[in-house]
Amino acid sequence: MAATSALFSFSPSPLRHGSSSVKPKRLVCVSVSTNVSASSSETASKPQIELEFLGPQPKQDGTYAVDKATAISGEKLLRNIMQDNKIELYAAYGKVMNCGGVGNCGTCIVEIVDGKELLNERTNAENRYFKKKPESWRLACQTIVGNKENSGKVVVQRLPQWKK
């Protein structure tokens, strides 16, 4: 937080027309605190991960709807990034029956299409849950985006279950 000081002068009462007495001006030192947070400059210097979220199913023309977000490397789970950016994560059942992010229900399955190297390794919960599933599948609640040092782009397919 930066502080700035300025010197202002003012007359405590207005001059009256025809008045012979004029009150002297007082000098007042005002300290203004500007709320420029250091985090905005820190954010610019921290590595960033760009994320693209492909819609769950292709449109009639074969393309996917794409949502985009950005995250500071190593600071958030994929699930939280999606929720913060209002990107749909759960199918109908998952909206009601998700475990709240502890890795027990499997309703937050995503497929990492590109950028797998920018994510943490699969957790024990994911290894148990995905024994016979593709290596590219992850639980959004267990996937940390970045490692605080890397930057790049991750492409995520939402709700890939319909493909298999």
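Residues numbered from 1 in each chain as written. Predicted model: local features only at pLDDT ≥ 70, side-chain atom pairs only at ≥ 80, totals over all residues. Heavy atoms only, no water.

Undergrad: For this particular structure, what's the right way to read the environment of K153?
TA: For K153, the position within the fold is in strand β7 (residues 152-158). For K153, a relative accessible area of 39% puts it in the partly exposed group. Separated by 83 residues in the primary sequence, K153 and T70 have C-alpha atoms spaced 9.1 Å apart. When residues no more than four places from it in sequence are discounted, the contact partners of K153 are E50, E52, D114, G115 and L118. Of note is the side chain of K153, whose polar atom sits 2.9 Å from the side chain of E52. (Helix = DSSP H or I, 4+ residues; strand = E, 2+ residues; numbered from the N terminus. Buried < 20%, exposed > 50% of the residue type's maximum accessible area, 1.4 Å probe, protein only. Contact = heavy atoms within 4.5 Å. Polar contact = N/O pair within 3.5 Å; in protein donor to acceptor, adjacent residues only side chain to side chain.)

Undergrad: Would you mind showing me how to read the pattern of salt bridges here?
TA: Summed over all chains, the structure comprises eight salt bridges. Of the charged contacts in the structure, one is a salt bridge between K46 and E75, with a shortest N-O distance of 3.1 Å. Here K46, found in the loop between α1 (38-45) and β3 (48-54), pairs with E75, found in the loop between β4 (66-72) and α2 (78-84); they are 29 residues apart in sequence, far enough to count as distant. Each member of the salt-bridge network shares a partner with another, and the members are E52, K68 and K153. (Salt bridge = Lys/Arg side-chain N within 4 Å of Asp/Glu carboxyl O.)

Undergrad: Would you mind showing me how to read the nonpolar core here?
TA: One broad trend across soluble globular proteins is that nonpolar side chains are buried collectively. In this structure, L51, F53, L78 and V154 are the most contacted members of the largest nonpolar core, which totals 25 residues. Excluding its chain neighbours within four sequence positions, the residues that come into contact with V154 are I49, E50, L51, E52, I112, D114, G115, L118 and L119. (Core = buried A, V, L, I, M, F, W, Y, C linked by side-chain atoms within 4.5 Å.)

Undergrad: Looking at this structure, I do not really get unusual backbone geometry. What am I missing?
TA: Note: most residues except glycine have negative phi, and most peptide bonds are trans. Non-glycine residue K86 carries a positive phi angle of around 55 degrees. Inspection of the secondary structure puts K86 in the loop between α2 and α3 (92-97). In this structure, K148 is a non-glycine residue whose phi angle is positive, near 75 degrees. Relative to the assigned elements, K148 resides in the loop between β6 (137-139) and β7.

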